[in-house]
Amino acid sequence: MRQIDDPDVLKVMTSPFRMKLFSLLFQIGPVTVSELARQMDADPGQVSYHLRQIQEHDLIEDVPELARDSRERWVRAAMSGLAVTGLETPEERAVVRAWTSQWVIDQFERLRDWERTHRTFPEDWQNAAFGSSRHLRLTSDELAQLRDQLNAVLEPWRELTRSRVESSETPPDTRPVFLFYHAFPQDP
């Protein structure tokens, strides 16, 4: 997890195109620019431009050892995730709000896409997918404890995913799975 304390790093990620591009890198691991362009339904030049903008902030890295020739460019995410810290000035908080808004929009667009297309997936995948919500009454300490427990439950699955991406040894029926959850206080 990379700690982000530079608002310029978040500014570059407030672009919906860059947010989707970066998310795709987490989904599919090391990938060619050509494949990213195909997945994004975009021009390779456009994808390369946005990758350079992201790479200026060390969020992605080239993987030249995977290239079959000098024209092929492979890239991957340079970290396992982002955490924002220490951005407190009004200008910095505005950047954090813009980035967070785009991040939440991206999450709900993915959910909307799933709801629109889930019937096209094999039945076992349709049955394995899930969604849930709970209304709890907790103290802030209990909410923090719940966060830590959920993250601990997910960590072995993140490690399994990371090892599969790095080794390229993935069972044939494996698919990218997007998981998101939010827990926050509400006024009664």
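Above this text you will find the structure in question.
Quick summary incoming for the structure in this document. Keep in mind it's a predicted model, so treat the numbers as computed, not measured.

Side note on the overall build of the protein chain
Consideration 1: When helices and strands are tallied, the protein chain shows seven helices and five strands.
Consideration 2: Scanning the protein chain from its N terminus toward the C terminus, one meets helices and strands in the order β-α-α-β-α-α-β-β-β-α-α-α.
Consideration 3: When the backbone C-alpha atoms are referred to their principal axes, the protein chain occupies close to 60 × 50 × 30 Å.
Consideration 4: Within the protein chain, counting contacts between residues at least 6 apart in sequence, those at least 24 apart form 64% of the total.
Consideration 5: Surface summary for the protein chain: the accessible area is close to 13,200 Å², and the carbon and sulfur share equals 52%.
Consideration 6: Taken as two groups, the 23 positive and 31 negative side-chain charges of the protein chain have centres that lie 4 Å from each other.

With respect to the packing of aromatic side chains
Consideration 1: Taken as a whole and judged by the stated rule, the model has five aromatic pairs.
Consideration 2: Here Phe22 and Phe26 contribute two aromatic rings whose centre-to-centre distance is 5.0 Å and whose plane-to-plane angle is 90°, an arrangement assigned as edge-to-face. Linking Phe22 with Phe26, this pair stays in helix H2 (residues 16–28), spanning four residues, or about one helical turn.
Consideration 3: Counting every residue linked through ring pairs, the aromatic cluster contains Phe108, Phe178 and Phe180.
Consideration 4: When the ring centre of Phe178 is taken as origin, the NZ or CZ atom of Arg110, which lies over that ring, is 4.3 Å away.

Some details on the nonpolar core
The nonpolar side chains of a soluble globular protein tend to be buried with one another.
Consideration 1: Core analysis: the biggest nonpolar cluster contains 29 residues, and Leu21, Phe22, Leu36, Val47, Leu51 and Leu59 have the highest contact counts within it.
Consideration 2: Sorting the residues of this core by element identifies helix H1 (7–12), H2, helix H3 (33–40), helix H4 (44–55), strand S4 (74–77) and helix H5 (90–117) as the ones contributing at least two each.
Consideration 3: In terms of residue count, the dominant contributor to this core is H2 (six residues).
Consideration 4: In this structure Leu36 touches Leu21, Leu24, Leu25, Ile28, Val31, Val47, Leu51 and Val75, once residues within four positions along its chain are discounted.

Rules used throughout
Within every chain, residues take consecutive numbers counted from 1 along the sequence as written. Totals for whole chains, interfaces and linings use all residues, but because this is a predicted model, local features are given only for residues with pLDDT of at least 70 and pairs of side-chain atoms are given and counted only at 80 or more. Where side-chain values are given, they derive from all heavy atoms of the structure, hydrogens and water being excluded. Each helix corresponds to a stretch of at least 4 residues labelled H or I by DSSP, and each strand to a stretch of at least 2 residues labelled E; elements are numbered beginning at the N terminus. Whether two residues are in contact is decided by their heavy atoms: any pair within 4.5 Å suffices. Methods summary: accessible areas were calculated by the Shrake-Rupley approach with a probe of 1.4 Å, and residue burial reflects only the protein chains presented. Neither His nor the chain ends contribute to the count of charged residues, in which Lys and Arg are positive and Asp and Glu negative. By convention, charge coordinates are those of NZ in Lys, CZ in Arg, CG in Asp, or CD in Glu. Only Phe, Tyr and Trp rings take part, Trp by its six-membered ring, and two of them pair if their centres are within 6.5 Å. Stacked means planes under 30 degrees apart, edge-to-face means over 60, and tilted covers everything else. Whether a charge lies above a ring is judged from NZ of Lys or CZ of Arg, which has to be within 6 Å of the ring centre and within 35 degrees of the ring normal. Buried Ala, Val, Leu, Ile, Met, Phe, Trp, Tyr and Cys residues that are joined via side-chain atoms within 4.5 Å together make up what is termed a nonpolar core. A simple rule labels every residue: compare its accessible area, found with a 1.4 Å probe on the protein chains alone, to the largest value its type can have, and call it buried under 20%, exposed over 50%, or partly exposed in between.

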